[in-house]
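Understanding the architecture of this molecule
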Amino acid sequence: MEEAINAHYFHCSMHCLNLSAAKAVTTPSVRHTQEIVKEVVSFFRSSAKRSGLLKKCIEKCEDTRISKSHLMTACTTRFIERHTSIVCFRSLLRFIVESLSQMTTWQSSEARKKAYTLIHSISQTETVIGLVVLENISSIMLPTTRLLQTEGIDLVNAMSGVDDMLAMLESLRSSDSFGRIFEEAQKVAELLGITLTKPRTVRSVYRATTSSEDTSLDEYYRINAFYPTLDDILQDLRLRFSPKQQQAANFSRAVPAFMDFRDEEGDWRKLEMAVNTYIEKWVS
């Protein structure tokens, strides 16, 4: 059996994307949010009585926009399930808090204490902002995730989807984009009846000038939570979807079925460079 010394081995693109998405929780505030989501979901799903109370609160509202009646477990390895869990949690947030508030009057001391603790955790500013940040970032990655799971997808379309996702994530890294996210967080806070605040003292490992006394509320969380989360994901995506994969995708343009170039001159140049690279390897 001959060894193909010029062949490149690429990991499963979907697996790479799952690993990159996991980088969202490397930022402390976002990781804290996801841990709280998991804890709340586990608390409700571990008891039929608690799940039933949540369902009653949802049904009592009679809001036709609410399609879920129970919380969904956040899978640590599957991005789509994790995204669905976050979206579901946010849509049911007011009912979750209402249910927990009712539990504080139960006879069970264990349930009362846990309910008080979870209400306090959910009502924290970093939890609210972290939840909205997670939802917005994962919603951009979701279409590409579904694309990569398409049966029979080829490398050209896969890398094109990844490129589009990277461009959208990069465009999200701006004060205007976070301004919209912060407005969403404020609406969530109003729904919960809380006021968003900054922590009293913070020493950030991400930026040198992030003192809570020197920055506004939205600027503080943009610098300490939003930007680091985006940067970690972007850096990991660029590492996992390396130039070699891009080059292989460009080389695939030689197949007539994939010659639908968006930028004819630029794409032809990329194809030429990819072909020349492989020719140099074959000659050597």
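Notes on the structure follow.

The rules behind these values
Residues numbered from 1 in each chain as written. Predicted model: local features only at pLDDT ≥ 70, side-chain atom pairs only at ≥ 80, totals over all residues. Heavy atoms only, no water. Helix = DSSP H or I, 4+ residues; strand = E, 2+ residues; numbered from the N terminus. Buried < 20%, exposed > 50% of the residue type's maximum accessible area, 1.4 Å probe, protein only. Contact = heavy atoms within 4.5 Å. Axes fitted to C-alpha atoms, helices over the stretch in contact; angles between N-to-C directions. Parallel < 35°, antiparallel > 145°, perpendicular 65-115°, else oblique. Left-handed = near helix turned anticlockwise from the far one by under 90°. Nonpolar A, V, L, I, M, F, W, Y, C, P; charged D, E, K, R; others polar. Phe/Tyr/Trp six-rings, centres within 6.5 Å; stacked < 30°, edge-to-face > 60°. Salt bridge = Lys/Arg side-chain N within 4 Å of Asp/Glu carboxyl O. Expected span 1.5 Å × (residues − 1). Arc of directions from axis to C-beta. Core = buried A, V, L, I, M, F, W, Y, C linked by side-chain atoms within 4.5 Å.

A tally of helices and strands in the protein chain yields twelve helices and zero strands. Of the regular secondary structure in the protein chain, the N- to C-terminal order runs α-α-α-α-α-α-α-α-α-α-α-α. Looking at the protein chain as a whole, 44% of its 284 residues qualify as buried. Long-range pairs, those at least 24 residues apart, make up 72% of the contacts in the protein chain between residues at least 6 apart in sequence.

Next up on the list: the packing of helix α2 (residues 28–45) against helix α6 (residues 109–122). Running from amino to carboxyl end, α2 crosses α6 at an angle of 150°, the nearest separation of the two axes being 11 Å. Classified by the angle between their axes, α2 and α6 sit roughly antiparallel to one another. Here α2 runs over α6; the crossing is left-handed. For the pair formed by α2 and α6, the contact residues are I36, E39, V40 and F43 on the first element and A111, K114, L118, S121 and I122 on the second. By residue class, the composition of the contact of α2 with α6 is six nonpolar, one polar and two charged.

Turning next to the packing of aromatic side chains. Counted by the stated rule, this structure contains five aromatic pairs. Residues F178 and F182 carry aromatic rings whose centres are separated by 6.1 Å and whose planes lie at 35° to one another, so their mutual orientation is tilted. Here F178 and its partner F182 are both found in helix α9 (residues 175–192), four residues apart, which amounts to about one turn of the helix. Judged on exposure class, the residue F178 and its partner F182 are both buried. For the pair F178 and F226, a centre-to-centre distance of 5.2 Å together with 35° between the ring planes defines the contact as tilted. With F178 in helix α9 and F226 in helix α10 (residues 217–240), this residue pair connects regions lying 48 residues apart in the sequence.

Here we take up the pattern of salt bridges. Note that side chains of opposite charge can pair when their charged atoms are close. Taken as a whole, this structure holds six salt bridges when the rule is applied. Between K60 and E98 there is a salt bridge, and its shortest N-O distance comes to 3.0 Å. A residue pair is termed long-range when its members are at least 10 positions apart, and K60 in helix α3 (residues 48–61) and E98 in helix α5 (residues 93–103) qualify at 38 residues. For E135, the salt bridge identified is with R90, shortest N-O distance 2.6 Å. In this pair, E135 is assigned in helix α7 (residues 125–148) and R90 in helix α4 (residues 79–91), connecting sequence segments 45 residues apart. Relative accessible area serves as the criterion here: at 16%, E135 is assigned to the buried category. Among the residues examined, R90 registers a relative accessible area of 21% and is labelled partly exposed. Among the charged side chains, a network of salt bridges with common partners joins R90, E135 and E184.

This part takes up α6. The end-to-end C-alpha distance of α6, which contains 14 residues, comes to 20 Å, matching closely the 20 Å that a straight helix rising 1.5 Å per residue would cover. Within the span of α6, buried status applies to A111, A115, L118, I119, S121 and I122. In a view along the axis of α6, the buried residues occupy a sector of 160°, so they form one face of it. Looking at α6, the residues exposed on the side facing more than 90 degrees away from the buried face are K113, Y116 and H120.

This part covers the nonpolar core. Core analysis: the largest hydrophobic core is formed by 63 residues, its most contacted members being F89, I96, L100, I122 and L169. The leading source of residues in this core is α10, at ten residues. Apart from the residues within four sequence positions on either side, F89 is in contact with V37, V40, V41, L71, I96, I122 and L131.

Turning our attention to the environment of F43. As for its position among the elements, F43 is in helix α2. Residue F43 is classed as buried on the basis of its relative accessible area, which comes to 7%. C-alpha of F43 to C-alpha of A111: the two residues are 68 residues apart in sequence and 9.2 Å apart in space. Once residues within four sequence positions are removed from consideration, F43 is found in contact with R50, L100, M103, A111, K114 and L118.

This paragraph deals with the packing of α2 against α3. Their axes nearest at 6 Å, the elements α2 and α3 cross at an angle of 105°. With respect to α3, the element α2 is oriented roughly perpendicular. Residues F43, F44 and R45 of α2 pack against R50, S51 and L54 of α3. Among the residues forming the contact of α2 with α3, the class breakdown is three nonpolar, one polar and two charged.

Mapped onto the fold, S99 is located in helix α5. Setting aside its immediate chain neighbours within four residues, S99 contacts F44, L53, L54 and C57.

Any functional reading would require information beyond the geometric quantities listed.
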